[in-house]
Amino acid sequence: MGESKLTKADIIENIHPLIKVSKKDIHTILDLFLEEVKKGLLNNRIIELRGFGTFEIKMRRGRKARNPKTGASVEVVDHGVAVFRPGRELKQRTWQLRK
């Protein structure tokens, strides 16, 4: 599972035959949408897309860790991490997937 990728170009190709909009315009709309999501997250807003899921920034506490290459101890500071929580419908449908 998760072995093949779906790229932005693939999404544009999939949308194009469904609506009467040029691929260039679909690309622009998709880029603008993603930029709005990024801006919202960077402004500490929760992005809720009903029927899909929620994006938000969670703060991860700092800790002591090891560099796997050198084995040296390093200090990891508090930092934000973007997280995604699937909505109910997406969660239910993914539970139905089988290998």
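The structure displayed is predicted, hence computed values, not measured ones.

Asker: Would you mind going over the sheet that holds strand β5 (residues 79–86) with me for this structure?
Answerer: Pairing between sheet strands relies on hydrogen bonds along the backbone, with the strands arranged either parallel or antiparallel. Ordered in space as β1-β2-β5, the 3 strands form an open sheet in which the pairing is antiparallel. One side of each edge strand has no neighbouring strand; the edge strands of this open sheet are β1 (47–49) and β5. Here the average twist between neighbouring strands, direction ignored, is 25 degrees. When β1 meets strand β2 (residues 53–60), the two strands line up antiparallel, connected through 3 bridges. Counterpart to I47 in the pairing with β2 is F55. Running over the sheet, helix α2 (residues 23–42) touches β1 and β2 and is turned about 135 degrees from β1.

Asker: Even after reading the chapter, I still don't get the environment of A82, so can you show me in this structure?
Answerer: Within the secondary structure, A82 is located in strand β5. A sequence separation of 40 residues divides A82 from L42, and the C-alpha atoms of the two residues are 9.5 Å apart. The contacts of A82, once residues within four sequence positions are left out, are E56 and I57.

Asker: It is not clear to me how the packing of aromatic side chains should be interpreted in this structure. Could you clarify?
Answerer: One pair of aromatic rings is described through two measures. These are the centre distance and the angle between the planes. One pass over the structure, following the stated rule, counts 3 aromatic pairs. When the ring of F52 is compared with that of F55, the centres are 6.5 Å apart and the planes differ by 35 degrees; the resulting orientation is tilted. Look at F52 and you get partly exposed, because its relative accessible area is 40%. Owing to a relative accessible area of 24%, F55 belongs among the partly exposed residues under this scheme. Considering the side-chain rings of F52 and F84, the 5.2 Å spacing of their centres and the 45 degrees angle between planes classify their relative orientation as tilted.

Asker: I would appreciate a short explanation of the pairing of β2 in the present structure.
Answerer: Where a strand is regular, its side chains alternate between the two sheet faces. Between β1 and the antiparallel strand that follows it, β2, lie 3 residues; G51 among them carries a positive phi value of about 85 degrees. With 8 bridges connecting them, β2 and β5 associate as antiparallel partners. Of the residues in β5, the one forming a bridge with E56 is V83.

Asker: I would appreciate a short explanation of α2 in the present structure.
Answerer: One turn of the α-helix equals 3.6 residues, which is why residues spaced by three or four share an orientation. Its 20 residues place the ends of α2 28 Å apart at the C-alpha level, agreeing with the 28 Å of an ideal helix rising 1.5 Å per residue. Those residues of α2 that fall on the buried side of the exposure criterion are I26, L30, V37, G40 and L41. Along the long axis of α2, the arc covered by the buried residues comes to 105 degrees, so they all point the same way. Residues of α2 that are exposed and angled more than 90 degrees away from the buried face: K24, L32 and L42. Looking at the buried residues of α2, the elements they touch are α1 (8–15), β1 and β2. Positioned one or two residues after α2, N44 has a phi angle of 60 degrees, which is positive.

The rules behind each value
Residues numbered from 1 in each chain as written. Predicted model: local features only at pLDDT ≥ 70, side-chain atom pairs only at ≥ 80, totals over all residues. Heavy atoms only, no water. Pairing = 2+ DSSP bridges. Helix = DSSP H or I, 4+ residues; strand = E, 2+ residues; numbered from the N terminus. Axes fitted to C-alpha atoms, helices over the stretch in contact; angles between N-to-C directions. Contact = heavy atoms within 4.5 Å. Phe/Tyr/Trp six-rings, centres within 6.5 Å; stacked < 30°, edge-to-face > 60°. Buried < 20%, exposed > 50% of the residue type's maximum accessible area, 1.4 Å probe, protein only. Expected span 1.5 Å × (residues − 1). Arc of directions from axis to C-beta.

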